[in-house]
Amino acid sequence: MNWDDTTDADAAGDRLVGSAADREDQAVEAALRPKDLAEFIGQQKVREQLDLVLRAARARGATADHVLLSGAPGLGKTTLSMIIAAEMEAPIRITSGPAIQHAGDLAAILSSLQEGEVLFLDEIHRMSRPAEEMLYMAMEDFRVDVIVGKGPGATAIPLELPPFTLVGATTRAGLLPPPLRDRFGFTAHMEFYEPAELERVVHRSASLLDVEIAADGAAEIAGRSRGTPRIANRLLRRVRDYAQVRADGVITQEIAAAALKVYEVDGRGLDRLDRAVLEALLKLFGGGPVGLSTLAVAVGEERETVEEVAEPFLVREGLLARTPRGRVATPAAWSHLGLTPPRSGGGGNGQGDLFGA
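Residues numbered from 1 in each chain as written. Predicted model: local features only at pLDDT ≥ 70, side-chain atom pairs only at ≥ 80, totals over all residues. Heavy atoms only, no water.

### Let's talk about the overall build of the protein
At step 1: Counting secondary structure elements, the protein contains 15 helices and 9 strands.
At step 2: Across the 357 residues in the protein, those meeting the buried criterion constitute 50%.
At step 3: In the protein, the proportion of contacts linking residues at least 24 apart, taken out of those at least 6 apart, comes to 72%.
At step 4: Element-wise, carbon and sulfur atoms account for 50% of the exposed surface of the protein, whose accessible area totals about 16,200 Å². (Helix = DSSP H or I, 4+ residues; strand = E, 2+ residues; numbered from the N terminus. Buried < 20%, exposed > 50% of the residue type's maximum accessible area, 1.4 Å probe, protein only. Contact = heavy atoms within 4.5 Å. Areas by Shrake-Rupley, 256 points an atom, 1.4 Å probe, with all protein chains shown as cover.)

### Concerning the nonpolar core
At step 1: Of all hydrophobic cores here, the largest spans 48 residues; its most connected members are Leu50, Leu80, Ile213, Ile221 and Ile251.
At step 2: The element that contributes the greatest number of residues to this core is helix H9 (residues 229-246), accounting for 7 residues.
At step 3: When near neighbours in sequence (up to four residues on either side) are disregarded, Leu80 contacts Leu37, Phe40, Val46, Leu50, Leu69 and Met190. (Core = buried A, V, L, I, M, F, W, Y, C linked by side-chain atoms within 4.5 Å.)

### Comments concerning unusual backbone geometry
At step 1: The residue Gln43 is not glycine, and still its phi comes out positive at about 50 degrees.
At step 2: What makes Gln43 buried here is its relative accessible area of 8%.
At step 3: Phi is positive for Glu89, which is not a glycine, with a value near 55 degrees.
At step 4: Turning to its location among the elements, Glu89 is positioned in the loop between helix H3 (77-87) and strand S2 (92-96).
At step 5: Judged by relative accessible area, Glu89 falls into the exposed class, the value being 75%.

### Side note on the sheet that holds strand S3 (residues 118-122)
At step 1: Sheet architecture is open: 5 strands sit in the order S2-S3-S6-S1-S7, paired in parallel fashion. Lying at the two open borders of the sheet, with one neighbouring strand each, are S2 and strand S7 (186-189). The average angle at which neighbouring strand axes cross in this sheet is 15 degrees, direction not considered.
At step 2: In this structure, S2 lies alongside S3, joined through 5 bridges in parallel fashion. If you follow Ile92 over to S3, its bridge partner there is Val118.
At step 3: Those strands touched by helix H2 (residues 44-60) are strand S1 (67-70) and S7, and its axis lies near 165 degrees from that of S7. (Pairing = 2+ DSSP bridges. Axes fitted to C-alpha atoms, helices over the stretch in contact; angles between N-to-C directions.)

### Digging into the packing of helix H7 (residues 195-208) against helix H8 (residues 215-223)
At step 1: Two elements in contact, H7 and H8, have axes separated by 8 Å at closest approach and are oriented at 120 degrees. The angle between the axes of H7 and H8 places the two elements in the oblique class. Relative to H8, H7 is oriented so that their crossing is right-handed. On H8, the residues touching Pro195, Leu198, Glu199, Val202 and His203 of H7 are Ala215, Ala218, Ala219, Ile221 and Ala222.
At step 2: Among the residues forming the contact of H7 with H8, the class breakdown is 8 nonpolar, 1 polar and 1 charged. (Parallel < 35°, antiparallel > 145°, perpendicular 65-115°, else oblique. Left-handed = near helix turned anticlockwise from the far one by under 90°. Nonpolar A, V, L, I, M, F, W, Y, C, P; charged D, E, K, R; others polar.)

### Some words on the packing of helix H12 (residues 292-299) against helix H13 (residues 303-316)
At step 1: Direction vectors running N to C along H12 and H13 enclose 90 degrees, while the axes themselves pass 8 Å from each other. It follows that H12 is roughly perpendicular to H13 by the angle criterion. For the pair H12 and H13, the contacting residues are Leu292, Ser293, Leu295, Ala296 and Val299 in the first and Arg303, Val306, Glu307 and Glu311 in the second.
At step 2: Of the residues belonging to the contact of H12 with H13, the class tally is 5 nonpolar, 1 polar and 3 charged.

### Some thoughts on the pattern of salt bridges
At step 1: By the definition in use, this model includes 16 salt bridges.
At step 2: Arg238 serves as the salt-bridge partner of Asp241, at 2.9 Å between the closest nitrogen and oxygen. Linking Asp241 with Arg238, this pair stays in helix H9, spanning 3 residues, or about one helical turn.
At step 3: Residue Asp241 is classed as partly exposed on the basis of its relative accessible area of 24%.
At step 4: For Arg275, the salt bridge identified is with Asp266, shortest N-O distance 3.6 Å. We note that Arg275, like Asp266, is buried.
At step 5: Taken together, the shared-partner salt bridges connect Arg129, Glu132 and Glu133 into one network. (Salt bridge = Lys/Arg side-chain N within 4 Å of Asp/Glu carboxyl O.)

### Things to note about the pairing of S1
At step 1: By the alternation rule, side chains of S1 split into Val67 and Leu69 and Leu68 and Ser70, which are all buried.
At step 2: The sheet contact formed by S1 and strand S6 (residues 165-170) spans 4 bridges and is parallel. Across the sheet, Val67 pairs through a bridge with Val167, a residue of S6.

### Structural notes on the packing of aromatic side chains
At step 1: Across all of its chains, the model carries 1 aromatic pair by this definition.
At step 2: When the centroid spacing of 5.5 Å and the interplanar angle of 80 degrees are considered together, the rings of Phe142 and Phe164 count as edge-to-face. With Phe142 in the loop between helix H5 (129-141) and strand S4 (143-148) and Phe164 in the loop between strand S5 (155-160) and S6, this pair connects stretches of sequence that are 22 residues apart.
At step 3: With a relative accessible area of 1%, Phe164 lands in the buried category.
At step 4: Directly above the aromatic system of Phe313 lies the positively charged group of Arg226, at a separation of 3.9 Å from the ring centroid.
At step 5: Geometry around Phe192 places Arg316 over its ring, the cationic atom sitting 3.6 Å from the centre. (Phe/Tyr/Trp six-rings, centres within 6.5 Å; stacked < 30°, edge-to-face > 60°. Lys NZ or Arg CZ within 6 Å of the ring centre and 35° of its normal.)

Interpretation note: all reported values are geometric properties and have no functional meaning in isolation.
Spelled out as structure tokens, the structure:
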């Protein structure tokens, strides 16, 4: 059970399979989070590498190197930051890039850190440029220059900082400038989870929530969770509700499938929006290619919602392809919706000639 914070894309709607964390998610996650690396499920390579980094730091009696965690929301970046603090027996300070809009905001946080403290900076790529430049010196030399005054009379006052560990988290590592990225001693990329790992997540969460679940019930939930523990836990809670109201409280494969049918989450984890995009692409445009704006109008959504909320998962699942001429459905998309592709191989209506990507 490993989770993370939100993305702007998922904030476009309260989707059951969205990876953004709402207040209910945050409350439940706080109770379900693992406390150490041994209890953390999945991300085996990251856990092994991070364990070496932390063990070596403890053996030297030093603070751990700065850590950068990248990956999609809901995979465990926030959880790992808390585990780092726990493993180092250090307090943790949590903030986010959007909350630091001025260099003074960052200076106030850094100057109040204790020796060895872990500073978790979520969505670090969204930090303001002045604060980012101040962070360079803080990470490398444990010092910041506080500017007093303005114009020619301004004076830089050096402020020494106690050694600390910065844990940065980002969903868009490519937006981090190289000078910042290079100052992290350890960088890890969080991968999507395999179904077997998500089954373990579901079983552990069910145990902590005092929910009785069969092995096939956990497998059913895991298979629809988009490789993301946060989504697995959210689906588990909704299936639990269904089992309590319409069954005997025990989650089996049949109960999980029936519950998720009510919530419009199909066997591959697609929800109403995902299927609406595919159905429009297949039924209205013959499988494409079709331009993004045209596709968005066809499903009654904003262009950004289709591009940032629906498409990433559809592309990752191999159901949709982005091409220079527009969006194109794959054979797997036709098969998933039980439709027969046109003999021309798609794009039979010529929409791709009219609308660009």
